[in-house]
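Report on the structure
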Protein chains: 2
Amino acid sequence: MTAEIICVGTEILLGNIVNTNAAYLSERLASLGISVFFETTVGDNPKRVEEVIRQGLKRSDILILSGGLGPTKDDLTKEIAAKACGQELVEDAEALRRLKEYFAATKRPMTENNLKQALVPENCTVLYNDNGTAPGMVIHEKNGKEVILLPGPPSELIPMFHLQAEPILKKLGSEALFSKVVKIDCMGESAVETEILDLIENQSNPTVAPYAKLGEVHLRVTANANTEEEAEKLVEPMVKELRKRFGHKIYTEKEDVTLEEVLVEALDRKKYTIAAAESCTAGMFVGRLVNVPGASNVLNESFITYSNEAKMKYLGVREETLKEFGAVSEETARQMAEGVAKAAKADVGVGITGLAGPGGETKEKKAGLVYIGVTVGQKTKVQKCQLRGNRQKVREVAVSKAMTMVRLALEEE
Amino acid sequence: MTAEIICVGTEILLGNIVNTNAAYLSERLASLGISVFFETTVGDNPKRVEEVIRQGLKRSDILILSGGLGPTKDDLTKEIAAKACGQELVEDAEALRRLKEYFAATKRPMTENNLKQALVPENCTVLYNDNGTAPGMVIHEKNGKEVILLPGPPSELIPMFHLQAEPILKKLGSEALFSKVVKIDCMGESAVETEILDLIENQSNPTVAPYAKLGEVHLRVTANANTEEEAEKLVEPMVKELRKRFGHKIYTEKEDVTLEEVLVEALDRKKYTIAAAESCTAGMFVGRLVNVPGASNVLNESFITYSNEAKMKYLGVREETLKEFGAVSEETARQMAEGVAKAAKADVGVGITGLAGPGGETKEKKAGLVYIGVTVGQKTKVQKCQLRGNRQKVREVAVSKAMTMVRLALEEE
């Protein structure tokens, strides 16, 4: 089965927004075992939208369109898709009811143009929108093609696709699919690939596909079979094999769980608190940790110690250490980690000091050199990293590496 | 003149990476006055790449392709584009020289497959690559179309397009273009639009286009004329008009300058230091400030005070204040800003406290409520913001708002 993604919106063609919907839909479709050969973005122009839809109907089994479902005059995706599929628009009673309910709840007057959002093609499955006013739909085309229309805002598109469109797509295939992800946080993409070259090369069912994320590699294992249960059974041995090969390098096997969530959970389980002293990352480590709503259970305070004076004053880094080894050194990172744990009376201390560049380089210390210290209880480890990329990238990767170090230190304890 | 963007890469279709190249190219092309009607992404499949190129040659004046120029077997963009344009590949001496130089400098052996990167279509302008091995090129097609090939990695594509392809594109047009940007950091997109509705509606030359960025709106003014100097003269009165309407709401008119850079520069000019006490943003404000390489001139230390105890211990926030008004209150934000300036002996103090959600809401305090305090010298201002969006969005926007407050406080002083 092949699908084609069509994003409608002049704002994408003007470079006003980055098209994250396409990346999201692509990854989900791959996990469903559906091949995507083309992605097209087209502006809010009726003729060109129709041209793209008609072309897609010729060469793909499924079209997935995003955007252009709203109430304004520019929103024409539904009208054009219906026309290309040879269907009339009819009023959907439930869509109308929800629309009226929405406006009543938000105490806003419903203008006439909003009513068109309750119109849907004759032969379609409506995907009701729990996060906005425009419903989505799956148009069942007469030649057996399916045309899925989704609203443009990611906050509406993502839950609608995941909760409503995916179950329909799963049923479309003659086979059932099951996929599972294994997330690795302490190896680069090529190193991970080298470890599983045999699995990637000889694969048929299940398949293993690596996805490089910032400081992480996600391995997706996908199998198809007659039923989802059978497919799951095919996936399990491969996941077991990956567990055997990567062991503690896997931080989660849960789809929606992030590294910072794993960290907060692990700390919470041990009733530990964490404190960080950040120099080059300057708050980014804690800033990311606090992405997790429950962070307040494990975090009370932290320091951004950018100057040498601050490192001495708050963390007790020794002046001689800074003079002898410099601020970017193993010794300083160690004293920062131990010092911040003591100052904040925390169970876990993190110290990050580095040269993010540009500038400030010496013969021995190049931009990208970062030392990360992690102390848990009486034990401190320091890791030296020579990171690549620009200032921003170096700092982001340093944060990821620090998170991994904390995770492993807590596991080893 | 119309252009079409074609991104080649199976990794995009698998959702492995987000296509930021397309957004970058779209925005640049819009600024050059070139209309983009279609963007297509296609995998590393010779037949489908050729289909897309041939279709593009029929309907657009300029094709811009990214990706597929490397040394591996999968990299076929150049070969296919040359074929579609009816041209043979020939060796480019300078490209070969640079290739050999690159491998000699990095002390890596040059494998045979790398040589194909020195081949270019007969009738083209080569765009030499200062940030990688694969050169780009502008193929001059026989019917007057131009096919521009660029490498996939943004770190190679962006400088190559900006420095080498843009001057060629500018010459292609019969008219010269000039554009300027005006960046506004303290108004929403629709508020900005309302202020300039008359300018947007009646525009022809120059045009004004708003771009919404996180917490900012960029207005791009573009004019065309016979020469760039004439175009610049058309742009100036419009920029003046925008200055008149938005005044201090404009934080820069420089293309590559960010809000944090303006802040660091303004602090540096006054020989001021800044310190922040962050609760809900937990380091993100300082983390962003340190994006600027010169941040060490203006920043020594800062605090992440997540718990009430930390707010009292380091910043001197009074226990009664926390009891009476709560941690998320005007009074607490004020004491945080004043307290951190005192503790860090800084000229400027910033206190951010809020409810990023989800959870923790009360009848009076809803998720998204953030108080930001800024103290400069003896003067403290506190702003109450009710922000929308998820936890991450609320925190990011709070950081932007805090930066704007500091900028304005420094200007007013």
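You'll find the structure just up there.
Residues numbered from 1 in each chain as written. Chains lettered and ligands numbered in written order. Predicted model: local features only at pLDDT ≥ 70, side-chain atom pairs only at ≥ 80, totals over all residues. Heavy atoms only, no water.

1. A few points about the overall build of chain A
- In terms of regular secondary structure, chain A is built from 15 helices and 17 strands.
- Structurally, chain A occupies a C-alpha span of about 80 × 55 × 40 Å along its principal axes.
- In chain A, once contacts between residues fewer than 6 apart in sequence are set aside, the share between residues at least 24 apart is 67%.
- Here chain A displays about 18000 Å² of accessible surface, and carbon together with sulfur accounts for 51% of that area.
- For chain A, the distance from the average position of its 53 positive side-chain charges to the average position of its 60 negative side-chain charges is 4 Å. (Helix = DSSP H or I, 4+ residues; strand = E, 2+ residues; numbered from the N terminus. Contact = heavy atoms within 4.5 Å. Areas by Shrake-Rupley, 256 points an atom, 1.4 Å probe, with all protein chains shown as cover. Lys, Arg positive; Asp, Glu negative; His and termini not counted. Charge placed at Lys NZ, Arg CZ, Asp CG, Glu CD.)

2. Let's talk about the relation of the copies chain A and chain B
- Overlaying chain A on chain B yields an RMSD of 0.1 Å, the required transformation being a rotation through 180° with an accompanying axial translation of 0.0 Å. Interpreted geometrically, this transformation is the action of a two-fold axis.
- A share of 100% of the interface residues of chain A reappears at the interface of chain B, consistent with the copies meeting face to face through the same patch. (Least-squares fit on C-alpha atoms with pLDDT ≥ 70 in both.)

3. Description of the packing of helix α2 (residues 20-31) of chain B against helix α6 (residues 154-172) of chain B
Residues and elements named next belong to chain B.
- Axis separation between α2 and α6 bottoms out at 11 Å; the angle between their running directions is 20°. The orientation of α2 relative to α6 falls into the category roughly parallel. Helix-helix and strand crossings are classified by hand; for α2 and α6 the assignment is right-handed. Here Thr-20, Asn-21, Tyr-24, Leu-25, Arg-28 and Leu-29 of α2 come into contact with α6, specifically with Pro-154, Leu-157, Ile-158, Phe-161, His-162, Glu-166 and Leu-169.
- For the contact of α2 with α6, the class distribution of residues is 8 nonpolar, 3 polar and 2 charged. (Axes fitted to C-alpha atoms, helices over the stretch in contact; angles between N-to-C directions. Parallel < 35°, antiparallel > 145°, perpendicular 65-115°, else oblique. Left-handed = near helix turned anticlockwise from the far one by under 90°. Nonpolar A, V, L, I, M, F, W, Y, C, P; charged D, E, K, R; others polar.)

4. Digging into the interface of chain A and chain B
- Counting residues at the interface gives 59 residues for chain A, matched by 60 residues for chain B.
- Taken over both partners, the interface formed by chain A and chain B buries close to 4600 Å², and the fraction arising from carbon and sulfur atoms is 52%.
- Three residues, Leu13(A), Ile304(A) and Tyr306(A), lead the burial of chain A against chain B; their summed loss comes to 13% of the area buried on that side.
- For the interface between chain A and chain B, the tally reads 4 salt bridges.
- Ionic pairing is found between Glu51(B) and Arg59(A), a salt bridge with its closest N-O pair at 3.0 Å.
- Taken together, the links from chain A to chain B amount to 28 residue pairs in polar contact (both at pLDDT 80 or more).
- Ranked by the residues each element gives to the side of chain A that touches chain B, the list is headed by strand β2 (residues 35-42) of chain A, at 7 residues.
- A class-by-class count of the residues in the side of chain A that touches chain B yields 31 nonpolar, 19 polar and 9 charged.
- The sheet contact formed by strand β14 (residues 301-305) of chain A and strand β14 (residues 301-305) of chain B spans 5 bridges and is antiparallel. Bridge pairing links Glu301(A) to Thr305(B) in β14(B). (Buried area = accessible area lost by both parts, 1.4 Å probe. Salt bridge = Lys/Arg side-chain N within 4 Å of Asp/Glu carboxyl O. Polar contact = N/O pair within 3.5 Å; in protein donor to acceptor, adjacent residues only side chain to side chain. Pairing = 2+ DSSP bridges.)

5. With respect to the nonpolar core
- Grouped together as the largest cluster of nonpolar side chains are 88 residues, with contacts concentrated most on Ile274(A), Phe285(A), Val350(A), Val406(A), Ile274(B), Phe285(B) and Val406(B).
- Leaving out residues up to four positions away in the same chain, Phe285(A) has contacts with Leu263(A), Ile274(A), Ala276(A), Glu278(A), Val350(A), Ile352(A), Val399(A), Ala402(A), Met403(A) and Val406(A). (Core = buried A, V, L, I, M, F, W, Y, C linked by side-chain atoms within 4.5 Å. Buried < 20%, exposed > 50% of the residue type's maximum accessible area, 1.4 Å probe, protein only.)

6. Structural notes on the packing of aromatic side chains
- Going through the model one piece at a time under the given rule, you end up with 9 aromatic pairs over all chains.
- Feature note: the residues Phe303(A), Tyr314(A), Phe303(B) and Tyr314(B) constitute an aromatic cluster, connected by ring pairs.
- Positioned over the ring face of Phe38(A) is Arg59(A), at 3.5 Å from the centre of the ring. (Phe/Tyr/Trp six-rings, centres within 6.5 Å; stacked < 30°, edge-to-face > 60°. Lys NZ or Arg CZ within 6 Å of the ring centre and 35° of its normal.)

7. Regarding a negative patch on the surface
Residue and element names in this part refer to chain A.
- Together, Glu-228, Glu-229, Glu-230 and Glu-232 give the surface a local cluster of negative charge.
- Position of Glu-232 relative to the elements: it lies in helix α9 (residues 228-246).
- Its relative accessible area of 36% is what places Glu-232 among the partly exposed residues. (Patch = residues over 30% accessible without salt bridge, like charges linked within 9 Å, V, L, I, M, F, W, Y side chains within 5 Å.)

8. Section: α2(B)
Residues and elements named next belong to chain B.
- For α2, built from 12 residues, the straight-helix expectation of 16 Å at 1.5 Å per residue is met to within 8% by its first-to-last C-alpha distance of 17 Å.
- For α2, the buried fraction is high: 10 of the 12 residues fall into the buried class.
- Taken as a whole, α2 has its buried residues at Asn-21, Ala-22, Ala-23, Tyr-24, Leu-25, Ser-26, Glu-27, Arg-28, Leu-29 and Ser-31.
- The opening residue of α2 is Asn-19, an N-cap whose side-chain oxygen sits 3.5 Å from the backbone nitrogen of Asn-21. (Expected span 1.5 Å × (residues − 1).)

9. Structural notes on helix α5 (residues 93-105) of chain A
Residues and elements named next belong to chain A.
- An ideal rise of 1.5 Å per residue puts 18 Å on 13 residues; α5 measures up with 18 Å between its terminal C-alpha atoms.
- When α5 is considered as a whole, its buried residues turn out to be Ala-95, Leu-96, Leu-99 and Phe-103. For α5, the angular spread of the buried residues around the axis is 100°, confining them to a single face. Among the exposed residues of α5, those pointing more than 90 degrees away from its buried face are Ala-93, Ala-104 and Ala-105.
- Packing partners of the buried residues in α5 comprise β4 (89-91).
- The positive-phi residue at the C-terminal boundary of α5 is Lys-107, with phi of around 55°. (Arc of directions from axis to C-beta.)

10. A short note on the sheet that holds strand β9 (residues 176-184) of chain A
Residues and elements named next belong to chain A.
- Strands sit in the order β10-β11-β9-β12 across an open sheet of 4 strands; the sheet is antiparallel. Looking at which strands have only one partner, the edges of the open sheet turn out to be β10 (207-213) and β12 (250-252). Each adjacent strand pair in this sheet contributes to an overall mean axis angle of 35°, direction not counted.
- On top of the sheet, helix α2 (residues 20-31) reaches β9, β10 and β11 (216-225); it is set at about 45° to β11, its chief contact.

11. Side note on the sheet that holds strand β12 (residues 250-252) of chain B
Residues and elements named next belong to chain B.
- Spatial strand order, β10-β11-β9-β12: 4 strands in an open sheet with antiparallel pairing. Each of the sheet's edge strands pairs with one partner strand only, and the pair in question is β10 (207-213) and β12. Strand-to-strand twist across the sheet, computed as the mean angle between neighbouring axes with direction ignored, equals 35°.
- Pairing of strand β9 (residues 176-184) with strand β11 (residues 216-225), which is carried by 9 bridges, proceeds in the antiparallel orientation. Residue Lys-183 lies in a different strand from β11, and its bridge partner there is His-218.
- Relative to β11, α2 is tilted by about 45°, and along the sheet it contacts β9, β10 and β11.

12. Looking at the pattern of salt bridges
All names here are of chain A.
- As enumerated under the stated definition, the model contains 55 salt bridges over all chains in all.
- Among the salt bridges present, the one from Arg-288 reaches Glu-216, with a minimum N-O distance of 3.7 Å. Placement of the pair is Arg-288 in helix α11 (residues 284-289) and Glu-216 in strand β11, with a sequence separation of 72 residues. The two residues Arg-288 and Glu-216 agree in class, both being buried.
- In this structure, Arg-245 engages Glu-241 in a salt bridge whose closest nitrogen and oxygen atoms are separated by 2.8 Å. Linking Arg-245 with Glu-241, this pair stays in helix α9, spanning 4 residues, or about one helical turn.
- The exposure class of Arg-245 is partly exposed, given its relative accessible area of 26%.
- Among the charged side chains, a network of salt bridges with common partners joins Glu-94, Arg-97, Arg-98, Glu-101 and Asp-130.

13. What about the pairing of strand β3 (residues 62-66) of chain B?
Residue and element names in this part refer to chain B.
- Taking burial as the measure, the 5 residues of β3 include 5 buried ones, the bulk of the element.
- As defined by bridge partners, strand β1 (residues 2-8) adjoins β3 across 5 bridges and the pair is classed as parallel. Following the sheet pairing, Ile-6 is matched in β3 by Leu-65.
- Where β3 lies against strand β8 (residues 146-150), 5 bridges are found, and the strand directions are parallel. Across the sheet, the residue bridging to Ile-64 is Ile-148, located in β8.

14. What about the side chain of His218(B)?
Residues and elements named next belong to chain B.
- Locating His-218 in the fold gives a position in strand β11.
- Judged by its relative accessible area of 11%, His-218 falls in the buried class.
- For His-218, the side chain forms a polar contact with the side chain of Glu-216, separated by 2.8 Å.

15. Details of the pairing of strand β2 (residues 35-42) of chain B
- Counting buried positions over the 8 residues of β2(B) gives 6, a clear majority of the element.
- Summarising the sheet, β2(A) and β2(B) pair through 5 bridges and their orientation is antiparallel. Of the residues in β2(B), the one forming a bridge with Phe38(A) is Val42(B).
- With 7 bridges joining them, β1(B) and β2(B) adopt parallel strand pairing. Among the inter-strand pairings, Ile6(B) is bridged to a residue of β2(B), identified as Thr40(B).

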